[in-house]
Amino acid sequence: MRSGAIELARRLMTATLLSALVAGCAGGGDKRRPSRIAKSAPKAKPRPVMPNDAAFRQCAAGLNAAAVRFTPLPNESRGAGCTLYGTVKLLDYGTPTTNLGPITCPVAARFTAWVRYGVLPAARLLLKSEVVKVETFGTYACRNIVGNPSMAGKRSEHAHANAIDISAFILADGRRITVEKDWAAGSPGAEFLRRVHQSACKRFDTVLGPNYNAAHYNHFHFDMGGRAGTCR
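Residues numbered from 1 in each chain as written. Predicted model: local features only at pLDDT ≥ 70, side-chain atom pairs only at ≥ 80, totals over all residues. Heavy atoms only, no water.

## Structural notes on the overall build of the protein chain
Piece 1. Across its full length, the protein chain carries five helices and 11 strands.
Piece 2. Put simply, the protein chain has 232 residues, and 38% of those count as buried.
Piece 3. In the protein chain, of all internal contacts separated by at least 6 residues, the share reaching a separation of at least 24 is 56%. (Helix = DSSP H or I, 4+ residues; strand = E, 2+ residues; numbered from the N terminus. Buried < 20%, exposed > 50% of the residue type's maximum accessible area, 1.4 Å probe, protein only. Contact = heavy atoms within 4.5 Å.)

## Some details on the packing of helix 2 (residues 54-65) against helix 3 (residues 105-127)
Piece 1. Direction vectors running N to C along helix 2 and helix 3 enclose 25°, while the axes themselves pass 9 Å from each other. With respect to helix 3, the axis of helix 2 lies roughly parallel. Like other packed secondary-structure pairs, helix 2 and helix 3 cross with a definite hand, here left-handed. Contacts between helix 2 and helix 3 pair Phe-56, Cys-59, Ala-60 and Leu-63 from the former with Cys-105, Pro-106, Ala-108, Ala-109 and Thr-112 from the latter.
Piece 2. Per-class residue counts for the contact of helix 2 with helix 3 are eight nonpolar, one polar and no charged. (Axes fitted to C-alpha atoms, helices over the stretch in contact; angles between N-to-C directions. Parallel < 35°, antiparallel > 145°, perpendicular 65-115°, else oblique. Left-handed = near helix turned anticlockwise from the far one by under 90°. Nonpolar A, V, L, I, M, F, W, Y, C, P; charged D, E, K, R; others polar.)

## What about the nonpolar core?
Piece 1. Counting 41 residues, the largest nonpolar core has Phe-111, Trp-114, Phe-169 and Phe-192 as its most contacted members.
Piece 2. At the level of elements, helix 2, strand 4 (87-92), helix 3, strand 6 (131-138), strand 7 (163-171), helix 5 (188-201) and strand 10 (220-223) are the ones that each hand at least two residues to this core.
Piece 3. Looking at this core element by element, the count peaks at 12 residues for helix 3.
Piece 4. Non-local contacts of Phe-192, meaning those with residues more than four positions away in its chain, are made with Val-119, Ala-122, Ala-123, Leu-126, Leu-127, Val-131, Phe-169 and Ile-177. (Core = buried A, V, L, I, M, F, W, Y, C linked by side-chain atoms within 4.5 Å.)

## Some words on the pattern of salt bridges
Piece 1. Using the criterion set out here, one finds four salt bridges in the structure.
Piece 2. For Glu-135, the salt bridge identified is with Arg-176, shortest N-O distance 2.7 Å. With Glu-135 in strand 6 and Arg-176 in strand 8 (residues 176-178), the pair connects residues that are 41 residues apart, well separated along the chain.
Piece 3. Note that Arg-175 and Asp-173 form a salt bridge whose closest N and O atoms lie 2.7 Å from each other.
Piece 4. For Arg-175, a relative accessible area of 34% translates into the label partly exposed. (Salt bridge = Lys/Arg side-chain N within 4 Å of Asp/Glu carboxyl O.)

Here it is in structure tokens:
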């Protein structure tokens, strides 16, 4: 009887241990939760640096005073020596103008004044009509100077949005005066183009046209690159 009781107790203990193991495998007991992979918060994009030096603030104040609508653009380095520092987007200054991209504030100020006080009066006087649109080849372009072998490999002022190229003027009477076709035409259009070219020389550091080289046969180039007195 005694050995039978011991055998019964041993069997009960074994059964209890087996039940515990089965319960553990089925999800009871010491069940571990799967680890969670921590998700990092998305990195905030760096805020663009807006132009804010004293020279820009003074220039922007001048545009505001002249009733020129514009938006300051973020300072930006685009690599390969091309930059956008102290630039604006011209929105409205009274005369519709094509292809206006980023442009430095000083060039914007001189360009808008040139159109208002040089181009418009010259058209009324010499062409007896109003200029209703100015056509340009643009402002910013990440490229080198073209047409001048002595400056080969050097970045153009266009690479810094510090220049603008003017190609044509649309008149209220439907005429289109272009640098390409009218500069050497010996017509009132040619006289008008020479008048506005000389007016630009009073405002920009550099003014280049068809008399400079073949690369400028179809446009005027204006910039504020520091080479004051270049008027060709």
